[in-house]
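# Structural overview for review
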Amino acid sequence: MATNNIKVLTKPFNLENPITVQVLGICSALAVTVQLKPAIVMGLSVTVVTAFSNLIISMLRNTIPNRIRIIVQLVVVAALVIIVDQVLKAYVYDVSKKLSVFVGLIITNCILMGRLEAFAMVNKPWASFVDGIGNGLGYSFILIALAFFRELLGSGSLFGMKIIPQSFYDLGYQNNSLMILPPMALILVGVIIWIQRSKNRSLIEE
Amino acid sequence: MHENFFNLFVRSVFIDNMIFAYFLGMCSFLAVSKTVKTSLGLGIAVTFVLLVTAPFNWVIDHYMLKAGALAWLSPSFESLDLSYLSFLIFIASIAAMVQLVEMIVEKVSPPLYNQLGIFLPLIAVNCVILAVALFVQEREYSSISDVMAFSLGSGFGWFLAIVAMAAIREKLKYSNIPKPLRGLGITFIITGLMAISFMAIMGIKI
């Protein structure tokens, strides 16, 4: 039972990664990864919301009538997102402003609906909670990787602190401004998928 | 702040394109853009749902949720600000509207209903729909014609993007892409390149 849950927790990191394999949660992954700090906050928010909504829906799964299934799921998720949004506005207001509509869009983040339908509706509460955390962390992992490269190569800083020393700039090094712009995030995800599929041949689609 | 309908429409289609500028609706964009036929169906469905839900949500926001919006009910409600409930109310109304649209389409035109198939319920959780409602709220459009121009433009821009991507992917079947990059990987990179080309029109003020 315990080893089963450990598998549920670790599979979304690689073989079932929500972004690169399940193709879920793309929208927010691209928009918030310009800097490392918003990316981490977003990753944490999604992890919290996924885990708790998985837990709640799993506890309710035998009492929800089939016809209004989607509406019930959306209401639970929306309520959790409102709470997370208010907490963010209270404690990290500057990051919350950067994230703007994307915190609200966690509601429609496909990862949530995807995991609710695929896992929480048919599994026990604790397993669903662990699955939510696993997928949230797999998602955060990709977000952090993207934000790391985009901020480092695009602004020469991490967490707002300058990393690349001034001597590099004096020698003629320039920040790659394309990294800050949205299209680069897409290309970076393509490259991450390329690397991942080269290492795991099983993921290659014919 | 009354904007010219046509200006707002053209701006929403190209400069504020939901896919290439804001990366909303990516999940279904990536999953459904394999053939032009399905993309046409989904694009039209998304535009239609946007046209129906965005003005409806604007009315709800204007007359119920904004600060002081409930003043028409009774002067004592002047100080009430219910905008923290926006997420919940918007997503619930979107889910309800999509269910309604599905029932009407099934009654009025069964062949269209069969063609759209599973896409219609999927649209309820498409980020674009909720995002347009939230953008309308954030940008504080003051008239319903602005809202209609914006939602029509956003839907049409999304439609153009997904059909263009499907056309490219159909042609890609005949090219020699390295195996790990086939399918999802190359689609991301192409979307990134298309986004770069759309950047050429960014910043044009009309």
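Residues numbered from 1 in each chain as written. Chains lettered and ligands numbered in written order. Predicted model: local features only at pLDDT ≥ 70, side-chain atom pairs only at ≥ 80, totals over all residues. Heavy atoms only, no water.

## Some words on the overall build of chain B
Looking only at helices and strands, chain B has nine helices and zero strands in total. In terms of principal-axis extent, the alpha carbons of chain B reach across some 70 × 45 × 30 Å. Across the 206 residues of chain B, 51% fall into the buried class. Summarising the internal contacts of chain B: among those between residues at least 6 apart in sequence, 74% fall at separations of at least 24. Counting only carbon and sulfur atoms, one obtains 70% of the accessible surface of chain B, whose full area is about 9,400 Å². Charge centroids of chain B, computed over 12 positive and 11 negative side chains, lie 20 Å from each other. (Helix = DSSP H or I, 4+ residues; strand = E, 2+ residues; numbered from the N terminus. Buried < 20%, exposed > 50% of the residue type's maximum accessible area, 1.4 Å probe, protein only. Contact = heavy atoms within 4.5 Å. Areas by Shrake-Rupley, 256 points an atom, 1.4 Å probe, with all protein chains shown as cover. Lys, Arg positive; Asp, Glu negative; His and termini not counted. Charge placed at Lys NZ, Arg CZ, Asp CG, Glu CD.)

## Describing the environment of Asn-176 of chain A
All names here are of chain A. Mapped onto the elements, Asn-176 comes out in the loop between helix H9 (166-170) and helix H10 (182-199). Taking relative accessible area as the criterion, Asn-176 reaches 36% and is therefore assigned partly exposed. Distance in space between the C-alpha atoms of Asn-176 and Glu-151 is 9.7 Å, their sequence separation being 25 residues.

## Some points on the side chain of Ser-140 of chain A
Residues and elements named next belong to chain A. Tracing the backbone shows Ser-140 in helix H8 (residues 125-155). Residue Ser-140 is classed as buried on the basis of its relative accessible area of 10%. Of the polar contacts made by the side chain of Ser-140, one reaches the backbone oxygen of Gly-43; its length is 3.3 Å. (Polar contact = N/O pair within 3.5 Å; in protein donor to acceptor, adjacent residues only side chain to side chain.)

## Notes on the nonpolar core
Ile-26, Met-42 and Ile-107 of chain A together with Leu-24, Met-26, Phe-29 and Trp-158 of chain B are the most contacted members of the largest nonpolar core, which has 113 residues in total. Counting residues per element, this core draws most heavily on helix H7 (residues 127-139) of chain B, which supplies 10 residues. (Core = buried A, V, L, I, M, F, W, Y, C linked by side-chain atoms within 4.5 Å.)

## Some remarks on the environment of Asn-114 of chain B
By the element assignment, Asn-114 of chain B lies in helix H5 (residues 110-116). According to the relative accessible area criterion, Asn-114 of chain B is exposed, its value standing at 61%.

## Here's the deal with the interface of chain B and chain A
Contact with chain B, which involves 38 residues of that partner, is made by 40 residues of chain A. When the area that chain B buries against chain A is broken down by residue, the three leading residues are Phe-87, Pro-180 and Phe-188 of chain B, summing to 18%. Taken together, the links from chain B to chain A amount to zero salt bridges. At the junction of chain B with chain A, the criterion picks out one residue pair in polar contact (both at pLDDT 80 or more). Of all the elements in the fold, those that place two or more residues in the side of chain B that touches chain A are helix H2 (26-32), helix H4 (86-108), H7 and helix H9 (184-198) of chain B. Per-element accounting of the side of chain B that touches chain A gives the leading share, nine residues, to H9 of chain B. Taken together, the residues of the side of chain B that touches chain A break down into 29 nonpolar, six polar and three charged. (Buried area = accessible area lost by both parts, 1.4 Å probe. Salt bridge = Lys/Arg side-chain N within 4 Å of Asp/Glu carboxyl O. Nonpolar A, V, L, I, M, F, W, Y, C, P; charged D, E, K, R; others polar.)

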